[in-house]
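Listed below, chain by chain, are the residues.
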Amino acid sequence: MKNLPGKMTTEELALILGVARQTVNRWIRQQAWKTEGLNGVKGGRARLIHVDARVKDYIKRLPAIRSRQAVYHLAEATTAYHSFPTSLRPGIIETLESMTELEQKRLEDFLKREGIRGFLTRLDIAEQNA
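As a starting point, this report considers the structure included with it.

Procedures and definitions
Residues numbered from 1 in each chain as written. Predicted model: local features only at pLDDT ≥ 70, side-chain atom pairs only at ≥ 80, totals over all residues. Heavy atoms only, no water. Phe/Tyr/Trp six-rings, centres within 6.5 Å; stacked < 30°, edge-to-face > 60°. Helix = DSSP H or I, 4+ residues; strand = E, 2+ residues; numbered from the N terminus. Buried < 20%, exposed > 50% of the residue type's maximum accessible area, 1.4 Å probe, protein only. Arc of directions from axis to C-beta. Contact = heavy atoms within 4.5 Å. Patch = residues over 30% accessible without salt bridge, like charges linked within 9 Å, V, L, I, M, F, W, Y side chains within 5 Å. Areas by Shrake-Rupley, 256 points an atom, 1.4 Å probe, with all protein chains shown as cover. Salt bridge = Lys/Arg side-chain N within 4 Å of Asp/Glu carboxyl O. Core = buried A, V, L, I, M, F, W, Y, C linked by side-chain atoms within 4.5 Å. Axes fitted to C-alpha atoms, helices over the stretch in contact; angles between N-to-C directions. Parallel < 35°, antiparallel > 145°, perpendicular 65-115°, else oblique. Left-handed = near helix turned anticlockwise from the far one by under 90°. Nonpolar A, V, L, I, M, F, W, Y, C, P; charged D, E, K, R; others polar.

## So, the packing of aromatic side chains
Line of reasoning, step 1. In this structure the tally under the stated criterion is 4 aromatic pairs.
Line of reasoning, step 2. Between the aromatic rings of W27 and Y58, the centroid separation amounts to 5.6 Å while the plane-to-plane angle is 65°, which identifies the pairing as edge-to-face. Of this pair, W27 sits in helix 2 (residues 21-31) while Y58 is found in helix 3 (residues 53-61), placing the two residues 31 residues apart along the sequence. In this structure, W27 and Y58 share a single accessibility class: buried.
Line of reasoning, step 3. In textbook terms, an aromatic cluster arises when at least three aromatic residues are bridged by ring pairs, as seen for W27, W33 and Y58.

Structural data, given as structure tokens:
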């Protein structure tokens, strides 16, 4: 599993895992995960989850997470994307580095979910016969 920060809000964890915030809150109650409240949030509804070994282990054991990783690797062949103009690399790397951590995570999740073909189609630059 990827390295997760030591503390995350329920919304951050839900976004990373692709589940609803209510699902994460249910796991917190059911698994008795250690949390702490966020100061200044009305009603104490927002909390930080201490992402410890128990939390990571639980997430790893979720059937949806286990199968998702296998599906991502089988989603599409990468043989069609071997050639890469070196003139594009600096621009792509600079763009990725200028993105916030959350934006990078969302892009990563999108690529895992949709694959490169979905990414190119969304940008309207996919070859029609590929």
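## Examining helix 1 (residues 10-17)
Line of reasoning, step 1. Within the sequence span of helix 1, burial applies to T10, L13, A14, I16 and L17. Down the axis of helix 1, the sector holding all buried residues measures 165°, keeping them to one side.
Line of reasoning, step 2. Downstream of helix 1 by one or two residues, G18 has phi in the positive range, about 75°.

## Observations concerning the side chain of T9
Line of reasoning, step 1. Mapped onto the fold, T9 is located in strand 1 (residues 7-9).
Line of reasoning, step 2. In contact with T9, other than residues within four places in its own chain, are L38, R47, L48 and I49.

## With respect to a nonpolar patch on the surface
Line of reasoning, step 1. Nonpolar side chains collect at one region of the surface, where L88, I92 and L96 lie side by side and expose about 230 Å² of accessible area between them.
Line of reasoning, step 2. With a relative accessible area of 35%, I92 lands in the partly exposed category.

## Considering the nonpolar core
Line of reasoning, step 1. Counting residues in hydrophobic clusters, the biggest one holds 16 residues, and the most contacted among them are L4, L13, V24, W27, W33 and I49.
Line of reasoning, step 2. Of all the elements in the fold, those that place two or more residues in this core are helix 1, helix 2 and helix 3.
Line of reasoning, step 3. Sort the elements by how many residues they give to this core and helix 1 lands first, with 4 residues.
Line of reasoning, step 4. Contact partners of L4, with chain neighbours within four places excluded, come to L13, I16, V51, K56 and I59.

## What about the packing of helix 1 against helix 2?
If you want to describe how two helices pack, look at the angle between their axes and the distance between the axes.
Line of reasoning, step 1. It is the contact of helix 1 with helix 2, at a shortest axis distance of 8 Å, that shows an interaxial angle of 110°. By the angle class used here, helix 1 and helix 2 are roughly perpendicular. The handedness of the crossing between helix 1 and helix 2 is right-handed. In contact with T10, E11, L13, A14 and L17 of helix 1, helix 2 contributes R21, V24, N25, W27 and I28.
Line of reasoning, step 2. Counted by class, the contact of helix 1 with helix 2 contains 6 nonpolar, 2 polar and 2 charged residues.

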